[in-house]
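Reading the structure
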Amino acid sequence: MSDNSASLNWFRHAAPYINDLRGRTLVVAIPGDALEHANFRNLVHDLALLVSLGVRLVVVHGARVQVNRALAEHGIENRFYGNTRITDRETLEVIKAAVGRLRFDIEAAFSQGLPDSPMARSALKVISGNFVTARPIGVLDGTDLRWTGQVRRMEVNTIDRALEQGALVLLSPLGTSLTGELFNLNYLDLAAEAAKALRAEKLILYRDTPQLLVNGEAVYELSIVQAEQLVDQVDSETLHCAIRACNAGTPRTHLLSYADNGALLQELFRREGAGTMIYRDTYEVIRRARITDVGGVLGLIRPLEKQGILVRRSREKLEAEIDHFTLVEVDGTPVACAALYPIQDEAGETVAAEIACVAIHPDFRGGGRGAKLLHHLERQAGVLGLEELYVLTTQAEHWFIEQGFSQVAVQDLPAARQSLYNIQRNSRVLRKRLSAQQSLPQPEKKGQAS
């Protein structure tokens, strides 16, 4: 039953992501290595599932490993300028044969429909053709790359019509020219150009390893600025492609391992993901809560209430107090919250504020979100002209001390709050005096990138 419950919960939690992706265009780039990997069959099933969920899917495939092997079999030397293949006439003929064979193999893989397979009755249509017009790269530093080209134009309207009909569009790394010639293309460049031309919501780049490693640590998300700062430290063609795509307008690019079964579904339909995401927009936002966020806040605070860390709040009480709450939202989903309650004196004047109900989803702890949320609340208090913040906690005393709070006695609380102190909980009382600069009224930012 536990396994069944986990599967049901996963499917239910995936619903918002499914709804968000329906009707969106995704471009998926698959290297030649992946096409020969044992997990490729599972990858095909996952891609077919996306199409069945209403995702407009464009698949771009590479062929380097197959071309290298075919050239070796023909006794033809592999020649490169940097990482770009020099394509002479003899090499081009081998590339055409290798790419053509792969194209038909991929179409066959997406056409399987055995009754006991995940693609039973899928009837998935795969459409490919001369969608890409190319031009020669030409001569670089005195080296003529011959029939190595780059994308000049894409038949966007034709591709869109195919996608609207529910077909999967397959792009091979070859492009035709206005003169009737054929050019060898880099599949990553082709994928980035396709994402740009089709205004794709996401570009998925498969590689042999999952997350990017920086100083031995896995990195799960990077802003475009952070990615550009790391590009010299991380030798990765896919990272370069991701940066190029984001700078060209693609909102998010995901780096995944083709060897990990289900990595695509986990990346798209679970908050924690399975690879590294590079984003150009505001992926993480700090904002005031709205009445529609009550369910999300309850999901964050209920586990802590059950542990006795937070005081239990009814849904009705939370609805009445939702205006006091601030959220950290990741990819449209609340992952942290906290409330700022004004404390008034006997005359009804607001003299201080209490920070309460601080909760962070377990999957998003340790990323500095709590500190950023606290800083945001301090700015809110500054807008109100307050000079003191209080917090009552039973288990997070040291964390708040690290954030600049200091322990005080219960008697140091403002009288109105002191009268509501719960002796049975025996909470520690901490106070932070805000600087003059923090207390000055200032406009509140709408969001903050991670």
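Shown above is the structure to which this text applies.
Let me begin by describing the structure that accompanies this report.

How each quantity is defined
Throughout this document, residue positions are counted from 1 along each chain, in the order its sequence is written. Two thresholds apply to this predicted model, a pLDDT of at least 70 for residue-level local features and 80 or more for giving and counting side-chain atom pairs, whereas whole-chain, interface and lining totals are computed over all residues. Only hydrogens and water are removed before side-chain values are computed, so all heavy atoms of the structure are retained for them. Think of it this way: DSSP has to see at least two bridges between two strands before they count as a pair. The way it works is that DSSP assigns letters per residue, a run of H or I at least four long becomes a helix, a run of E at least two long becomes a strand, and they are numbered from the N terminus. The rule is simple: take the accessible area with a 1.4 Å probe, protein chains only, and divide by the maximum for that residue type; under 20% is buried, over 50% is exposed, in between is partly exposed. In this analysis an axis means a line fitted to C-alpha atoms, helices contributing only their contacting stretch, and an angle means the value between N-to-C directions, from 0 to 180 degrees. Note on definitions: a residue-residue contact is assigned when non-hydrogen atoms from the two residues lie within 4.5 Å. The nonpolar core is taken to be a set of buried Ala, Val, Leu, Ile, Met, Phe, Trp, Tyr and Cys residues, with the residues joined through side-chain atoms within 4.5 Å. We count a salt bridge whenever a side-chain nitrogen from Lys or Arg sits within 4 Å of a carboxyl oxygen from Asp or Glu.

**With respect to the sheet that holds strand β10 (residues 168-171)**
Strand order in this open sheet of 8 strands is β5-β10-β2-β1-β13-β17-β18-β16, and the pairing throughout is mixed. In this open sheet, the two strands that pair with only one neighbour each are β5 (126-127) and β16 (221-223). Bridge count between strand β17 (residues 252-257) and strand β18 (residues 276-279): 4 bridges; the pairing is antiparallel. Counted as the bridge partner of Thr 253 is Ile 278 from β18.

**Concerning unusual backbone geometry**
Look at Arg 199: it is not a glycine, yet its phi comes out positive at around 55°. Within the secondary structure, Arg 199 sits in the loop between α7 (187-197) and β13 (202-207). Looking at Arg 199, the relative accessible area reads 76%, which means it is exposed. Of note in this structure, Asn 215 is not a glycine but carries a positive phi near 55°.

**Brief notes about the sheet that holds strand β23 (residues 388-393)**
Spatial strand order, β19-β20-β21-β22-β23-β25-β24: 7 strands in an open sheet with mixed pairing. Both outer strands of the open sheet, β19 (284-288) and β24 (406-408), are each paired with one neighbouring strand and no more. Put simply, the sheet's adjacent strands are angled 30° from each other on average, direction ignored. Taken together, the 3 bridges between strand β22 (residues 350-360) and β23 define a ladder with parallel strand orientation. In the strand pairing of β23, Glu 354 is matched with Tyr 390. Helix α11 (residues 294-306) rests against β20 (325-330), β21 (333-344) and β22 of the sheet, and its axis sits at about 80° to β21. The strands that helix α13 (residues 369-383) touches are β19, β20, β21, β22, β23 and β25 (428-433); relative to β21, the one it contacts most, it runs at about 35°.

**Comments concerning the nonpolar core**
Grouped together as the largest cluster of nonpolar side chains are 46 residues, with contacts concentrated most on Val 27, Val 58, Leu 171 and Ile 278. Per element, the largest residue contribution to this core is 7 residues, and it comes from α7. Filtering out sequence-adjacent residues up to four positions away, Val 58 remains in contact with Leu 26, Val 27, Val 28, Ile 159, Leu 163, Val 169, Leu 171 and Leu 198. Among the nonpolar cores identified, the runner-up in size contains 44 residues, and Ile 18, Val 28, Ala 70 and Leu 265 belong to it.

**Let's talk about the pattern of salt bridges**
Summed over the entire model, instances satisfying the criterion amount to 21 salt bridges. For Glu 378, the salt bridge is made with Lys 432, and the minimal N-O distance between the two is 2.6 Å. Remark: Lys 432 occurs in strand β25 and Glu 378 occurs in helix α13; sequence separation between them is 54 residues. Judged on exposure class, the residue Glu 378 and its partner Lys 432 are both buried. Residue Arg 428 pairs with Glu 397 through a salt bridge whose shortest N-O separation is 3.4 Å. Placement of the pair is Arg 428 in strand β25 and Glu 397 in helix α14 (residues 397-402), with a sequence separation of 31 residues. One continuous salt-bridge network, built from bridges that share partners, spans Asp 20, Arg 24 and Glu 201.

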